Amino acid sequence: MAEPRIVVVGAGPAGVRCAETLAAAGLRPVVIDEGRRDGGQIYRRQPDNFRRPYEKLYGTEAARARALHETFDVLREQVDYRPETLVWSMGGKTLHTVREGRHAAVEYDALILCTGAIDRLAPIKGWNSAGAYSLGAAQIALKSQACAIGREVVFLGSGPLLYLVASQYVAAGAKVVAVLDTSPVGRRIAALPKLLAQPGVLWTGLGLTLGLYRAGVPVLTGVTPLEIAQGGAGEVRSVLVRDGTGRERRFDCDAVGMGWHLRPETQLADLARCEFRFDDSSRQWVVKRDEMGRSTSSGVYLAGDGAYVLGARAAEASGRLAALAALGDLGRPVSDAAVAGLKAELARWDRFAAGLRQAFPWPFSLAAQTPDETVVCRCETITAGELRQVVRATGAAEANRAKAFSRVGMGRCQGRYCGQSGAEIIACASGSPVEQVGRLRGQAPVKPLPVHLEEEA
Amino acid sequence: MRPSEHVADVVIIGAGIVGSSAALFLRRRGRSVILLESGLVGQQASGVNFGNVRRQGRPMAQLPIANRASPIWRELKTLLGEDVEYLEAGHLRVCYRDRPEMADSFVDYAREAAQTGLELEVLTGNALRARFPFLGPEVIAGSFSARDGHANPRLVAPAFGRAAARAGAAVFENTMVTSAEKVGEDFHVLAQDGRIFRAPVVLLTAGAWAGDFSAKFGEPVPLVTRGPTMSVTEPVPYAIGPGVGVATPLESETVYFRQITRGNVIIGGSTRQDVFPEIRRAYVEPPNTLSQLRQIQRLAPGLGKLNIIRVWSGIESYLPDSLPVVGPSRHVSGLFYAFGFCGAGFQTGPAMGDIMAELIDTGATETPIDFCGVDRFQAADAA
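Since the model is a prediction, treat every value here as computed from it, not as a measurement. (Residues numbered from 1 in each chain as written. Chains lettered and ligands numbered in written order. Predicted model: local features only at pLDDT ≥ 70, side-chain atom pairs only at ≥ 80, totals over all residues.)

Student: Tell me what's going on with the interface of chain B and chain A, and back it up with residues and numbers.
Tutor: Taken together, the contact between chain B and chain A spans 25 residues of the former and 20 residues of the latter. The set of elements that each furnish at least two residues to the side of chain B that touches chain A consists of α7 (153–166), α9 (286–299) and β21 (307–312) of chain B. Ranked by residues supplied to the side of chain B that touches chain A, first place goes to β21(B) with six residues. Of the residues in the side of chain B that touches chain A, the class split is 15 nonpolar, five polar and five charged. (Contact = placed C-beta atoms within 7 Å. Helix = DSSP H or I, 4+ residues; strand = E, 2+ residues; numbered from the N terminus. Nonpolar A, V, L, I, M, F, W, Y, C, P; charged D, E, K, R; others polar.)

Student: Mind laying out the sheet that holds strand β24 (residues 335–339) of chain B, listing which residues take part and the relevant values?
Tutor: All names here are of chain B. Pairing in this open sheet of six strands is mixed, and the strands run β9-β3-β2-β13-β24-β23 from one edge to the other. Only two strands of the sheet have a single partner each, and these edge strands are β9 (170–172) and β23 (325–328). Each adjacent strand pair in this sheet contributes to an overall mean axis angle of 15 degrees, direction not counted. The sheet contact formed by strand β13 (residues 201–204) and β24 spans three bridges and is parallel. Within the sheet, the bridge partner assigned to Val 202 lies in β24 and is Leu 335. Running at roughly 170 degrees to strand β3 (residues 33–36), helix α1 (residues 17–28) makes contact with β2 (10–13), β3, β13 and β24 of the sheet. Against the sheet, helix α10 (residues 349–362) makes contact with β2, β13, β23 and β24, and its axis sits at roughly 170 degrees relative to β24, the strand it touches most. (Pairing = 2+ DSSP bridges. Axes fitted to C-alpha atoms, helices over the stretch in contact; angles between N-to-C directions.)

Student: Summarise the pairing of strand β10 (residues 152–158) of chain A; cite the residues concerned and give the values.
Tutor: Residues and elements named next belong to chain A. β10 sits mainly inside the fold: six of its seven residues count as buried. Pairing analysis gives six bridges linking β10 to strand β11 (residues 175–181), with the strands arranged parallel. Residue pairing across strands places Leu 156 opposite Leu 180, the latter belonging to β11. Handedness of the crossover joining β10 and β11 through helix α5 (residues 160–171): right-handed. Of the pairings in the sheet, the one linking β10 to strand β16 (residues 255–260) comprises six bridges and is parallel in character. Each bridged residue has a counterpart across the sheet, and for Phe 155 the counterpart in β16 is Gly 257. (Buried ≥ 20, exposed ≤ 12 C-beta atoms within 10 Å, placed from the backbone. Right-handed = clockwise from strand over helix to strand, strands pointing away.)

Student: Describe the domain arrangement of chain B, naming the residues involved and giving the relevant values.
Tutor: Looking at the assigned domains, one finds that chain B contains domain 1 (5–47 + 154–223 + 320–382) and domain 2 (91–146 + 228–313). Between domain 1 of chain B and domain 2 of chain B, the C-alpha centre-to-centre distance is 30 Å. (Domains from an automatic or database assignment.)

Student: Please set out the domain arrangement of chain A residue by residue, giving values where relevant.
Tutor: Residue and element names in this part refer to chain A. By domain assignment, chain A separates into domain 1 (6–118 + 263–356), domain 2 (121–260) and domain 3 (364–437). Here domain 1 and domain 3 have C-alpha centroids that lie 31 Å from each other. In terms of residue class, the side of domain 1 that touches domain 3 is built from two nonpolar, one polar and two charged.

Student: Which residues make up the confidence of the model for chain B, and what are the values?
Tutor: Taken as a whole, chain B shows an average pLDDT of 96; of its residues, 98% reach a score of 70 or greater. The ipTM for the predicted assembly is 0.94, set against a pTM of 0.95. (pLDDT = per-residue confidence, 0-100.)

Structure below.
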């Protein structure tokens, strides 16, 4: 039998551990990654000529980052590594990739999607101002370019990443004006039993918050964002919120980093025709998978935050597990003990992540009730009021129908940033539950594709 | 009448552009109408097509239908009470150097078309290039139709559906018809959930799904389903007025584009894909997109600098002679057909609705449609 062709998409924590497990079984998988270097988002490597030490770059996660990078440094000789390569579409067990304007088709017997997650955003009035970034983008600027998104930065949102990025900015010497968390502190206390599933991580998180207080950064919880105010050139000037006591507070700044946890990147799973399910606890659509990471599409597996947001450490475990699932399905021997150990580890992360979702919920009513003048779809510049008007005038209460009439989700990002907020607005305007509104179908290309392509030599 | 039973003068099965415009025009003639749609109005071929509102290039016999559609498009905003982004920016049909016979055919076509009222201007060489500088070096001739244009297909049929509803048509979406049969003087049209719709007249405008019904009425047609290949680029400053397409006998070479005023360039054509009408889905096969992107750069090399941001397909129905099935049933009185528009039914859609309304209302139409008869395939088989 010829060696099975296994393709891993993504070289973050899930993809690297997945590829490592496949290589250890004597296979040579193809590893396709959009990044210039391995590591993914959370363990993003700095450019070759940068020399900042791990401790400075990754803080509490330095040891994990170093271990992952060292693994891949060895692994890259054992895999067919294709960095800076986008899988823009797929069909019939063939992936279609583009790298530096050159097209290639890659066939597979097993496909393991480790595509990660991006920031989950809510449309705040003024969020499309110059100087408003996602938390992930704020972190990339720091890790990859060694620069801050502004001189005086406000962080707004909720979730562990809010505190992590703010702390990283403080550590890097940037001025953090305030950390504004939409979740009230009481929810954190209620979530404690679940969060204790990973006491070490909980401790790290508390340490980050404490560090912010020590650095003199105002940390407000239970805030309601009102506006990101703009100057004459459309630049960020201040952030206005209502605090937990109902008082309006304005924080002058020239940049905002915002985000409410993460949403899985699922377009490839969609193009692979995997089925989705609505996940009540995170209030978003996720790809159906079994506990090994098998999707409903034959030969397609999922791991990491692209499957379900459980964090980087869980991603390493689910990457290994999905590799074992694929190996087992291809008739290779797989250790039951290894599988059981990984499943147990993931169960603990699952409980911890449930605690995080409880402590730092996605404020869906914020999206649903954003003022009419707020731009929802930044690519097409469509406001919440325009979307509501379309829903009222046409009765369109399904996401793709409302997209067809309103253009929300029709631009470059294809709804990756506005899809969930748009669905909340449609649900609210039509009086239907958000799961009934559905989700925007994934359409190729996953990211914009040049019309002019060179064929593979 | 039971609560689950609905009665009207006409039941229309399929709410694409033809069914929904027929509903509106029948209401304007005072007929009561039930419009049934298995999904949502205008979601299939009517909603996913390229959006060409083009008369030129059609078979000469179709031009009277296309010409009848032209004034409707111009008045559509008034008729529907909403904007469907109709832009009368012209249509340019060109041919490549290696098919010089196409250039000759443009001249002949323009002469014949003029007799039906369609004015075309054939351009070659420097005159063509001066006027349309974006054309590639292989292009040698073009036929320009100033009074054609393009519109947004996602908006048109749903707007017709809403206008029909406002005019009093009973529009039922998410209503899957499982059977239609004639009982005495009336047709009984049965929905999956048990509802019954009754009328002395049925108009079948169900596109790719119409073949099963016509076969059950004893009039099978060799209908095949295919999915068009469509792409759209990121927006760039608006610069290209007309829709532009290549005239060629090769499917893979057939490619066309138009720019909307928002700036995006919509690209269609080249090879088509298999589709899945039973689940109402069509998936773009990536090699078809790649073929399209290669071909579009022959037509307009400058587009090579853009990025496409989205591709899509849909479910269209085709017949061997590339003509639709239009007109009364030859077997069953009160049954009318208008389907199988072979990827070219958008421009003629509103006129087809108008013609079917006229035919149902008066028993005849002033626009010749006999060449689209449902029995033409049986006749061919017999011969």
